[in-house]
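Below are the chains, spelled out letter by letter.
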Amino acid sequence: MRERAEHKETSRDGDSEPDRQHAVIKRAAEHAYAYLSGIADRPVRATASGAELQQSLGGSLPLCGEDPSCVIDQLAEASLRGTVASQSPRYFGFVNGGSLPAATAADWLVSAWDQNAQVYAMSPIASVVEQIVSEWLKDIFALPPAWSVGVTTGCQMANFTGLLAARHHVLAHNDWDVERDGLFGAPPIEVIVSDESHRTIFSALKMAGLGAERVRRAHTDGQGRIRMDSLAALLKGRKGPCIVCAQAGNVNTGSVDPIKDIGPLVRERGAWLHVDGAFGLWAATTKTRRYLLEGMDLADSLATDAHKWLNVPYDAGLVFTAHPEDHQHALVVPAHYIQMTPGQRDSRAFTPEESRRARAVPIYAALRVLGREGVGDMVDRCCDLAAQMAKRLASHDCVRILNDVVLNQVLVQFRPPNGSDDAAASLTTDVIRQVQEEGTCWAGGTVWHGQTAMRVSVCNWSTSPADIDRSVAGILAIVDYFRLRR
Ligand SMILES: *Cc1c(COP(=O)(O)O)cnc(C)c1O
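Residues numbered from 1 in each chain as written. Predicted model: local features only at pLDDT ≥ 70, side-chain atom pairs only at ≥ 80, totals over all residues. Heavy atoms only, no water.

Caption draft 1: Region of the structure containing the side chain of Asn-408. Note on placement: Asn-408 falls in the loop between strand 8 (399-401) and strand 9 (409-414). The exposure class assigned to Asn-408 is buried, which follows from its relative accessible area of 0%. A polar contact is formed between the side chain of Asn-408 and the side chain of Gln-409, at a distance of 3.5 Å. Ignoring anything within four residues of it in the chain, the contact list for Asn-408 reads Val-95, Phe-279, Trp-309, Cys-383, Ala-386, Val-456, Ser-457, Val-458 and Cys-459. (Helix = DSSP H or I, 4+ residues; strand = E, 2+ residues; numbered from the N terminus. Buried < 20%, exposed > 50% of the residue type's maximum accessible area, 1.4 Å probe, protein only. Polar contact = N/O pair within 3.5 Å; in protein donor to acceptor, adjacent residues only side chain to side chain. Contact = heavy atoms within 4.5 Å.)

Caption draft 2: The arrangement of the sheet that holds strand 8 in detail. Within the open sheet, the four strands sit side by side as 8-9-11-10. Their pairing is antiparallel. Edge positions in the open sheet fall to strand 8 and strand 10 (444-448), since each of these has one partner strand only. Going across the sheet, the axis of each strand differs from the next one's by a mean of 40°, ignoring polarity. Relative to strand 11 (residues 451-457), strand 10 is paired through five bridges, and the arrangement is antiparallel. Across the sheet, Trp-448 pairs through a bridge with Gln-451, a residue of strand 11. (Pairing = 2+ DSSP bridges. Axes fitted to C-alpha atoms, helices over the stretch in contact; angles between N-to-C directions.)

Caption draft 3: Here's a closer look at the packing of aromatic side chains. In this structure the tally under the stated criterion is seven aromatic pairs. Seen from their ring centres, Tyr-91 and Trp-442 are 5.7 Å apart, and the 25° between their planes marks the pair as stacked. Of the two residues, Tyr-91 sits in the loop between helix 3 (68-82) and helix 4 (101-113) while Trp-442 sits in the loop between helix 13 (421-438) and strand 10, which places them 351 residues apart along the sequence. You can call Tyr-91 buried: its relative accessible area is 8%. A residue is classified by how much of its surface remains accessible, and Trp-442, at 14% relative accessible area, is buried. With a centroid separation of 4.8 Å and 55° between ring planes, the pair formed by Phe-141 and Trp-282 is classed as tilted. A residue pair is termed long-range when its members are at least 10 positions apart, and Phe-141 in the loop between helix 5 (124-140) and strand 1 (148-152) and Trp-282 in the loop between strand 5 (272-276) and strand 6 (301-305) qualify at 141 residues. Exposure remark for Phe-141: the relative accessible area of 2% places this residue in the buried category. An aromatic cluster is defined as three or more aromatic residues linked by ring pairs; in this entry it consists of Tyr-91, Phe-94 and Trp-442. (Phe/Tyr/Trp six-rings, centres within 6.5 Å; stacked < 30°, edge-to-face > 60°.)

Caption draft 4: Local environment of the pattern of salt bridges. Per the stated rule, a full pass over the model turns up 26 salt bridges. Ionic pairing is found between Arg-345 and Glu-130, a salt bridge with its closest N-O pair at 2.8 Å. Of this pair, Arg-345 sits in the loop between helix 11 (324-329) and helix 12 (360-394) while Glu-130 sits in helix 5, and the two are 215 residues apart along the sequence. When sorted by exposure, Arg-345 lands in the same class as Glu-130, which is buried. A single salt-bridge network, built from bridges that share partners, covers Glu-190, Arg-216, Arg-238 and Arg-269. (Salt bridge = Lys/Arg side-chain N within 4 Å of Asp/Glu carboxyl O.)

Caption draft 5: Looking closely at unusual backbone geometry. The omega angle of the peptide bond from Tyr-314 to Asp-315 is 0°, so this bond is cis rather than trans. As for its position among the elements, Asp-315 is in the loop between strand 6 and strand 7 (317-321). Phi at Phe-94 takes a positive value of approximately 45°, unusual for a residue other than glycine. Relative to the elements of secondary structure, Phe-94 occurs in the loop between helix 3 and helix 4. Residue Asn-311 is not a glycine yet carries a positive backbone phi of 60°. With respect to the helices, strands and loops of the structure, Asn-311 is situated in the loop between strand 6 and strand 7.

Caption draft 6: Structural view of the nonpolar core. Counting 90 residues, the largest nonpolar core has Leu-137, Phe-141, Trp-282, Leu-293, Phe-320, Ile-363 and Ile-475 as the members making the most contacts within it. Not counting chain neighbours up to four residues away, the residues in contact with Leu-137 comprise Trp-282, Leu-318, Phe-320, Ile-363 and Leu-367. Counting 25 residues, the second largest nonpolar core, distinct from the first, contains Phe-160, Ala-165, Val-191 and Cys-245. (Core = buried A, V, L, I, M, F, W, Y, C linked by side-chain atoms within 4.5 Å.)

Caption draft 7: Highlighting the site of the ligand. Residues in close proximity to the ligand total 13 residues, the closest being Gln-156, Asp-276, Asp-305, His-307 and Lys-308. Cys-155 is positioned such that a nitrogen or oxygen atom in its backbone is 2.9 Å from an oxygen atom of the ligand. Note that an oxygen atom of the ligand is positioned 2.8 Å from one of the backbone N or O atoms of Gln-156. Starting from 380 Å² of accessible surface for the ligand in isolation, the protein chains cover 83%. The cavity where the ligand resides is the second largest pocket. Split into classes, the residues belonging to the shell around the ligand amount to four nonpolar, six polar and three charged. (Near = heavy atom within 4 Å. Areas by Shrake-Rupley, 256 points an atom, 1.4 Å probe, with all protein chains shown as cover. 1 Å grid on protein atoms, 1.4 Å probe; cavity = no way out; pocket = protein on both sides within 12 Å on 5 of 7 lines; lining within 4 Å. Sits in = over half its atoms within 2 Å of the grid points. Nonpolar A, V, L, I, M, F, W, Y, C, P; charged D, E, K, R; others polar.)

Caption draft 8: Examining the sheet that holds strand 1 more closely. Ordered by their spatial adjacency, seven strands build an open sheet running 1-7-6-5-4-2-3, and the pairing between neighbours is mixed. Edge strands, defined here as strands with exactly one partner in the open sheet, are strand 1 and strand 3 (216-218). Each neighbouring strand pair of the sheet contributes to a mean axis angle of 20°, computed without reference to strand direction. Direction of pairing for strand 2 (residues 190-194) relative to strand 4 (residues 242-247): parallel, over a ladder of three bridges. Bridging across to strand 4, Val-191 finds its partner in Ile-243. Sitting on the sheet, helix 6 (residues 155-172) touches strand 1, strand 4, strand 5, strand 6 and strand 7, and the angle it makes with strand 5 is about 180°.

Shape is all these values report; function is a separate question.
Spelled out as structure tokens, the structure:
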């Protein structure tokens, strides 16, 4: 049972009650500073169990209010063991990304301001910053200035928003107003995805009334990229409304669909091309890997995340469309997307929500502290570190790298020399579990084309070559330990 937080006098006599309450903000900043200062030295995994956290934070809701500082102190205390150190330079789980300190700090300002960022009248600064960020992002992604931008909670909602704009567009071209009349009786929309589309494409299709299973699937190659022969066969000789979903950044291999080849085919078919580039789109900001995204301006909509590779706090997704009218028409009642304050941006016309936080502000801070070249440099650095990791690991005779490391993703399988698939699955599962338990670094597991693998994603601004070496040493020591026991 949680100890009851006692009320303590924390401020000088004579301070007003609001001043006393505000003191807790400084305290939280101190806790946050201590948390982040220690992040590289603590175990990456969470060291408290759910039951222990329940024990320290749960119990019945107190009848009377508690002292704010005590509440914040207890949360800070619990965070030391209850968080996974996803801000650690050696956290390689999922494709999560860390947060740049300036972006975190800007995010606190957003909370302190507590602006409702839906329309200019409610928050000029939120509206203006979002407009600035939209222009900067189109610049670093080399997208045409006329494109529209929406700042969503994440890439799932960016995919959803892109598909809503698509749905509007392809039906409007068939004389159907889907926002007014719904999908009942509408011309059917053909939706083409790939065998490797991310699950959030299917949630987005579901929410948009297009059906998660009512799709045709293009086949993919050994790296998870759409095969052009398969896509061409699906598009050939067809007419009517059609949406094609491609991907930049496969969550397992990091591979990118051949957008420069897909774009013209989709155009020719008169279909809408949506690209889910949750992390892979950021390769377009680099000098060395931007070739992967060649032709991305042939897309009609693009979705990505800022909270992954741009390293801003959650929640921050981005949707770009080549069709600003369709984008807004899909989201707001037509008369209402005429801006309420002439010449100013009303953010709510570009995302599904009305009330929302000023999400563009941390993005603004991240872009400014990195600079025009710094974004791509950070992305390139992560990719180089992923390649370093793959190379070092592969020097061990029990390690197989299952993917071409084109971006920041590495699929690692641990297999005893001449071992069977079953032996590889078993060793890999054991190694992953022990890597997580031992705490030097953290990586998760996956199954890629039937092969069990450890998935490494490098997407934190603070990861250094030394962190890679330390992680590799930790992982290989675990491999040797298991090997000796077999
Ligand atoms: C992470 C991811 C998403 C979902 O993004 P959220 O920000 O979690 O909503 C979609 N597509 C791909 C390829 C992803 O990696």
